[in-house]
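Examination of the molecular architecture
Spelled out, the chains give:
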Amino acid sequence: MLRACLASFLLAALIFGAPSMGAAQVSASHIGTYVWRDAHPDHGGYSGIELSDDGRRFHAITDRARIVWGTLERDNVGNISGVALEGRAWLRDSQGAHLPPGRLGDSEGIAIDANGVIWISFEGLNRIAAYPDVDGPAIRVPSPPEFERFPTNEGLEALAITGDGAILTLPEYATPPHYDFPVWRFQNGAWDQPFTIPGAERWQAVGADIGPDGRFYLLERDFHWMRGFQSRVRRFDLGDDGFSNEQLLLESGAFQYDNLEGISVWHDGLDLRITMISDDNFIPLQRTEIVEYRLREGQAAAR
């Protein structure tokens, strides 16, 4: 999570053009970027998003312990034309008290299980919590001691749920010297760390999802003062032996998008779609963007 950006970088982002995406083993085509504006003081800082199977209903969380939900309005070809917000809630701890912004309330990842329970990962005090009711107290999931050793602001940003209900999460930064991401799994009431994902020093894991194809999708971010935010999405087959068949689906160019942190993968009836949302850090020169891509299998992606 990035808390501060130089004004010069943000102004430059308004000036430079947007390069095209890199090549991938499937066709990843940009189909729209919607800038979501809302005058509510809690609007912004979106770090996670989860969409319904048809891509219309959504839940999104901010990094200040707020959750919102509603409908993505779409035109006749399925592109986002508006956001109809239907509710907001201030997340609570397990005792029912509202979580303050900062270390205790730095909510980052969101996933919704088959029973409609909302699971949220927190950075700062690294932990996972379940919310059967977003207006009610959290159900705290006991954390392994390793979570306490993550560096400040480098904790649990990415969160996903497998088809059999296992919770998967990983820290923001890959671990040197090999720069692998340790993937933690919570199932049957216990944690283990059975898998790793190959990473790179440059890229941080900020969002994850299990697509309707059963694959694991990982959203990663890079930031550099000269080129701004860049994002990439990789996907992996996920089996009993871990992650395999890595594919780079897309990689953005300098200043192409804002600070994309949340990802949801769904099927529009013809193709898979990737929906991503940006965290504007509550900085006026940044924007809340909802960016969508269409995936088509067996085609080379154009540069």
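To be clear, the structure that these remarks concern was listed above.
Presented here is a report on the structure given in the accompanying data block. Quantities reported herein were computed from a predicted structural model and do not represent experimental measurements. (Residues numbered from 1 in each chain as written. Predicted model: local features only at pLDDT ≥ 70, side-chain atom pairs only at ≥ 80, totals over all residues. Heavy atoms only, no water.)

Glancing now at the overall build of the protein. Each helix and strand counted, the protein has one helix and 20 strands in total. Relative to its length of 303 residues, the protein is compact, with a C-alpha radius of gyration of 18 Å against a globular reference of 19 Å. Principal axes of the C-alpha set define a box for the protein whose edges measure 50 × 45 × 40 Å. For the protein, the proportion of its 303 residues judged to be buried stands at 55%. A fraction of 53% describes how many contacts in the protein between residues 6 or more apart in sequence connect residues 24 or more apart. Roughly 12900 Å² of accessible area belongs to the protein as shown, and the carbon and sulfur atoms make up 50% of that amount. (Helix = DSSP H or I, 4+ residues; strand = E, 2+ residues; numbered from the N terminus. Rg over C-alpha atoms; globule rule 2.2 N^0.38 Å. Buried < 20%, exposed > 50% of the residue type's maximum accessible area, 1.4 Å probe, protein only. Contact = heavy atoms within 4.5 Å. Areas by Shrake-Rupley, 256 points an atom, 1.4 Å probe, with all protein chains shown as cover.)

A separate point is the environment of Ala 84. Residue placement: Ala 84 occurs in strand S5 (residues 80–90). On a C-alpha basis, the gap between Ala 84 and Gly 262 in space is 19 Å, while along the polypeptide they are 178 residues apart. The residues touching Ala 84, leaving out its near neighbours within four places in the chain, are Gly 70, Thr 71 and Glu 73.

Turning our attention to the nonpolar core. Ranked by size, the top nonpolar core spans 18 residues in total, and within it Tyr 217, Val 233, Ile 263, Ile 274, Met 276, Tyr 293 and Leu 295 carry the most contacts. Elements with a contribution of two residues or more to this core: strand S15 (216–224), strand S17 (242–251), strand S18 (260–267), strand S19 (272–278) and strand S20 (289–296). Ignoring sequence-local partners within four residues, the contact set of Leu 295 consists of Val 26, Ser 27, Ala 28, Tyr 217, Arg 235, Leu 249, Asp 271, Leu 272 and Ile 274. Ala 160, Ile 210, Phe 216 and Leu 218 belong to the second-largest nonpolar core, a separate cluster that totals 16 residues. (Core = buried A, V, L, I, M, F, W, Y, C linked by side-chain atoms within 4.5 Å.)

In this approach a probe as big as a water molecule rolls over the atoms, and the regions it shows empty are the leftover space. Here the largest pocket is characterised by a volume of approximately 520 Å³. If you go around the largest pocket, you meet 23 residues; those closest to its centre are Glu 50, Asp 53, Ile 112, Ile 161 and Ile 210. For the lining of the largest pocket, the elements supplying multiple residues, two or more each, are strand S2 (46–51), strand S3 (57–62), strand S6 (106–112), strand S14 (204–210) and S18. Grouping the amino acids of the lining of the largest pocket by side-chain chemistry returns ten nonpolar, eight polar and five charged. (1 Å grid on protein atoms, 1.4 Å probe; cavity = no way out; pocket = protein on both sides within 12 Å on 5 of 7 lines; lining within 4 Å. Points joined across faces, edges and corners; volume = space filled by probe spheres on them. Nonpolar A, V, L, I, M, F, W, Y, C, P; charged D, E, K, R; others polar.)

Turning our attention to the side chain of Asp 113. Looking at the secondary structure, you find Asp 113 in the loop between S6 and strand S7 (118–123). The side chain of Asp 113 sits in the buried core without any salt bridge; Arg 57 is the nearest counter-charge, 15 Å away. For Asp 113, the side chain forms a polar contact with the main-chain nitrogen of Asn 115, separated by 2.9 Å. Among the polar contacts made by the side chain of Asp 113, one reaches the main-chain amide nitrogen of Val 117 at a distance of 2.9 Å. Not counting residues up to four positions away in its chain, the partners in contact with Asp 113 are Trp 119 and Ile 161. (Lys, Arg positive; Asp, Glu negative; His and termini not counted. Salt bridge = Lys/Arg side-chain N within 4 Å of Asp/Glu carboxyl O. Polar contact = N/O pair within 3.5 Å; in protein donor to acceptor, adjacent residues only side chain to side chain.)

Shape is all these values report; function is a separate question.
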